[in-house]
Amino acid sequence: MTSTLIAPCGGSLVDLVVSPERAEELKALSAHLPSIQLTERAACDLELLATGAYSPLDRFMGAADYERVVGEMRLAGGHLFPIPITLPVGADHGFSLDTQVALRSAKNELLAVMTIEEVYEWDPCEAALQVFGTEDVRHPLVAEMSGWGELNISGAIEVLQTPPHSDFRDLRMSPAQTRARLEEMGHDNVVAFQTRNPLHRVHEEIVRRAVDSVEGNLLLHPVVGMTKPGDVDHFTRVRTYRVLAEKYFKAERCLLALLPLAMRMAGPREALWHAVIRKNYGANHLIVGRDHAGPGVDSKGEPFYGPYDAQELVRQHSEELGIGVAPFHELVYLSEEKRYEEASKVPDGAPTLSISGTKVREEYLEKGVLLPEWFTRPEVAEILGDAYPPRHRQGFCVWFTGLSGSGKSTTADALTVMLQEQGRQVTVLDGDVVRTHLSRGLGFSKDDRDINIRRIGFVASELVRHGGVAVCAAVSPYRATRNDVRNMVGTDNFIEIFVDTPIEVCEQRDVKGLYAKARAGEIKGFTGIDDPYEEPMSAEIVLDTVTHTPEENARSIVEHLRGERLLREEPAE
């Protein structure tokens, strides 16, 4: 049958999944092949390559595709594709051309076999500036890229299986499966709604109006891969989408399907990328939101992208792609009429209600108060209330950074006692202790230091995720790595503390004589002497340990945590 849906990019869907017979051959072959264990990001990309979501791209990008995508947002053949999809490896990878390598999941499951056809260098700074428009390490991908390998590899891929998922299996559909379901629903027009957050009533209204305006179907297509650090987990979000789809949208006009995408938070370029992907899933309209795929604010507190930059870029390429940009007007709630209306059409003096994103967090979720029914459906409010504890019960990470001898550990010890007095469960991750128990065997090269800090960050993020408090004290000299840890934890629950002690004072305090040995050349690569310390650009707190005692500094941190509502206010006397 001839499809009535928009054709995929390139005319047909890429399919990299091999036959069962070939899969058995590759399994036997893989026992003798070197392996690459894919990151979560690379595993998401492999799945979308395999199923055709990235059509016409059929592999991790080679040099020609990569260079043109970074510079011009196009593949070497000319197709629009604004985000580079690469597989980085270290300079010591040991792979040679025309050899095969097994691609495995984090659990060592065999996913695919790649024949290496290209190995090429890439420049993280150039990629950051061209793709994200910034080198600011507060951008989560800029920080993350600092830990990627120096080389990219590319070549033909044979996929045995896509990464297994045990959750929401009935909602996980490939582009081909999604297209088949949309065909059954019987409308040529399909409006896709990209979302990584819970849906509130205003989103419902925007979606309904967009669908009605083109007399089409809705593809409710939430991202369940990697999203912005600190976002509500996808299990909670999918539960809210499911209840809305089942109770508040017409079943014959709405298809809920999950997208295992690893977002880049690249703003305008990401919005255009989302349009390419949704075209492959069968949608010919995309709702592009305000500050679509924005990562928040930079080190100066300014937004990385303008609120409507994403809409404008997608509109510029709308005709070429065949994708319409569905209108995303600002809506407000008319309290007397109990309905939503575009802000530009509200009569003068008409009473309206609205709740900002900040107020949602601070006045409702963080205080354990259910959101009002005019703002969100009661079922959604209940799910969010169960999943989102009040602010003072949430976990958080206090990260001390500074030179050796600056007073990090001493202040951390004083803070730990004060937090325990507040009834919080605290785990201390001190740099020296961690190197004994968690990072034994690591040296002091830049790579080893980064590995050590990321290990501390991973443990801290797990503690925070489960409602605990992590107090970390480590030199952590490199700005990008510290910001990578911030993103692991989630920026709203991460407090960076710069212990700003002059190096002369640190040397005076050095009972181990490490600074003297470093100045004498007996120790190489010592931070502050012959290896740089990159001071934080916008730490939440800067401490002076020369004129203030550890207890005074710890008390100032406690007051900051109270101001952030991460600790309860002291009862009035």
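Residues numbered from 1 in each chain as written. Predicted model: local features only at pLDDT ≥ 70, side-chain atom pairs only at ≥ 80, totals over all residues. Heavy atoms only, no water.

Engineer: Break down the packing of helix α8 (residues 234–247) against helix α13 (residues 378–387) for me, with residues and values.
Structural biologist: For the pair α8 and α13, interaxial distance at closest approach is 9 Å and the crossing angle is 170°. As summarised for this structure, α8 and α13 are arranged roughly antiparallel, according to the angle between their axes. Contact residues: Thr 236, Arg 239, Thr 240, Val 243, Leu 244 and Lys 247 in α8; Glu 379, Val 380, Ile 383, Leu 384 and Ala 387 in α13. (Axes fitted to C-alpha atoms, helices over the stretch in contact; angles between N-to-C directions. Helix = DSSP H or I, 4+ residues; strand = E, 2+ residues; numbered from the N terminus. Parallel < 35°, antiparallel > 145°, perpendicular 65-115°, else oblique. Contact = heavy atoms within 4.5 Å.)

Engineer: Please give an account of the sheet that holds strand β4 (residues 110–115) that cites residues and values.
Structural biologist: Read from one edge to the other, the open sheet built from 4 strands follows the order β1-β3-β4-β7, with strand pairing classed as mixed. Strands at the two margins of the open sheet, each flanked by one partner only, are β1 (35–37) and β7 (157–159). Ignoring strand direction, the axes of neighbouring strands in this sheet form an average angle of 25°. One ladder, built from 3 bridges, connects β4 with β7; its direction is antiparallel. Bridge pairing in β7 places Val 113 opposite Glu 158. This element, helix α1 (residues 20–30), spans β3 (100–104), β4 and β7 of the sheet and lies at about 80° to β4. (Pairing = 2+ DSSP bridges.)

Engineer: Describe the packing of helix α3 (residues 63–72) against helix α4 (residues 124–132), and please don't skip the residues or the numbers.
Structural biologist: Running from N to C, α3 and α4 cross one another at 50°; their axes reach a closest spacing of 8 Å. Our classification of the angle between α3 and α4 gives oblique. Taken together, the residues of α4 that come into contact with α3 (itself represented by Tyr 66, Val 70 and Gly 71) are Glu 126, Ala 127, Gln 130 and Val 131. Class assignment for the residues of the contact of α3 with α4 results in 4 nonpolar, 2 polar and 1 charged. (Nonpolar A, V, L, I, M, F, W, Y, C, P; charged D, E, K, R; others polar.)

Engineer: I'd like a description of the environment of Val 276, backed by residues and values.
Structural biologist: Along the polypeptide, Val 276 turns up in helix α9 (residues 268–280). Residues Val 276 and Pro 8, 268 residues apart in the sequence, show an inter-C-alpha distance of 8.6 Å. Once residues lying within four places of it in the same chain are set aside, the contact partners of Val 276 are Cys 9, Ser 55, Leu 80, Phe 81 and Leu 321.

Engineer: Explain the nonpolar core residue by residue, including any values.
Structural biologist: Counting 86 residues, the largest nonpolar core has Tyr 54, Phe 81 and Ile 85 as its most contacted members. Residues contacting Phe 81, with those up to four places away along its chain left out, are Tyr 54, Leu 57, Met 61, Val 69, Met 73, Arg 74, Leu 75, Trp 273 and Val 276. Counting 40 residues, the second largest nonpolar core, distinct from the first, contains Leu 171, Ile 206, Phe 249 and Leu 384. (Core = buried A, V, L, I, M, F, W, Y, C linked by side-chain atoms within 4.5 Å. Buried < 20%, exposed > 50% of the residue type's maximum accessible area, 1.4 Å probe, protein only.)

Engineer: Mind laying out the environment of Leu 370, listing which residues take part and the relevant values?
Structural biologist: Mapping Leu 370 onto the fold places it in the loop between α12 (357–364) and α13. For Leu 370, a relative accessible area of 53% corresponds to the exposed category. Counting along the chain gives 13 residues from Leu 370 to Ile 383, while the straight-line C-alpha distance between them is 9.8 Å. Excluding its chain neighbours within four sequence positions, the residues that come into contact with Leu 370 are Tyr 364, Ala 381 and Glu 382.

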